[in-house]
Structures are given as structure tokens and as C-alpha cells.
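Each chain is listed here by its residues.
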Amino acid sequence: VNLDFHVFVVPERGAVASNYAGSEGNLNVVWTPFTGLRFRAMYGVFLPETAYWRLAGSPNYTTDAVHFIEAEIGFVLR
């Protein structure tokens, strides 16, 4: 089990007051039942900074969190 947290910052935004665009958290679960076979599942959520997206002029900015999932099955031949 692994938990990651990311902060998204744009180096230069010009007239926009803040360069903080939002943050994201990811929860990864990896299971290896035997050598070579691997299952991974991930849940993530992006929390946008509303003021940044509004001032950046994005026509589709949202205040809602964006949720996503990912699944992976892998087998390594040795």
C-alpha cells in the first residue's frame, strides 16, 4: 500500500495572483501473489484551486474534485 500526495504549481502565471493550481492524492495497492504476476489498483483525487483556474481564464474551470481510478495486471517473463 502506498499513498502519494502531489502539489501542482505553475512556475510563472503573469497577472494571476497565485501559481498554486491544485493538489492530488493517490492511493496505490499492489499485490504480487507469486513471482512475475502483479496486480495494482489506484484511486486518485485532484483538488483544483478554484481561484487559480478562474483567474487563468479557463472557460471550464470547476470547483469539484476530480476522481479517477486505474487498474493494472502485469506478468514478467524471466
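Quick note: structure is the one above.
The text that follows walks through the structure, step by step, so that each part is easy to find.

### A closer look at the overall build of the protein
When you go through the protein residue by residue, the secondary structure sums to one helix and four strands. In the protein, the order of α-helices and β-strands from amino to carboxyl end is β-β-β-α-β. Residue burial in the protein is summarised as follows: out of 78 residues, 23% are buried.

### Examining the sheet that holds strand 3 (residues 37-48)
Spatially, the four strands line up as an open sheet ordered 1-2-3-4, and their pairing is antiparallel. Edge positions in the sheet fall to strand 1 (2-9) and strand 4 (66-75), since each has one partner strand and no second. In this sheet, adjacent strand axes meet at a mean angle of 20 degrees when their direction is disregarded. Of the strand pairs in this sheet, strand 3 and strand 4 are connected by ten bridges, and their pairing is antiparallel. In the strand pairing of strand 4, Tyr-43 is matched with Ile-69.

### Some words on the pattern of salt bridges
Within this structure, the stated rule accounts for three salt bridges. Notably, a salt bridge pairs Glu-70 with Arg-40, separated by 2.2 Å at the nearest N-O pair. One end of the pair, Glu-70, is in strand 4; the other, Arg-40, is in strand 3, with 30 residues separating them in the sequence. A salt bridge links Glu-72 to Arg-40; its shortest N-O distance comes to 3.4 Å. Residue Glu-72 is found in strand 4, and its partner Arg-40 is found in strand 3; the two are separated by 32 residues along the sequence. Exposure remark for Glu-72: the relative accessible area of 34% places this residue in the partly exposed category. Given a relative accessible area of 13%, Arg-40 falls into the buried group. Among the ionic contacts, a cluster of salt bridges with common partners joins Arg-38, Arg-40, Glu-70 and Glu-72.

Parameters and conventions
Residues numbered from 1 in each chain as written. Predicted model: local features only at pLDDT ≥ 70, side-chain atom pairs only at ≥ 80, totals over all residues. Heavy atoms only, no water. Helix = DSSP H or I, 4+ residues; strand = E, 2+ residues; numbered from the N terminus. Buried < 20%, exposed > 50% of the residue type's maximum accessible area, 1.4 Å probe, protein only. Pairing = 2+ DSSP bridges. Axes fitted to C-alpha atoms, helices over the stretch in contact; angles between N-to-C directions. Salt bridge = Lys/Arg side-chain N within 4 Å of Asp/Glu carboxyl O.

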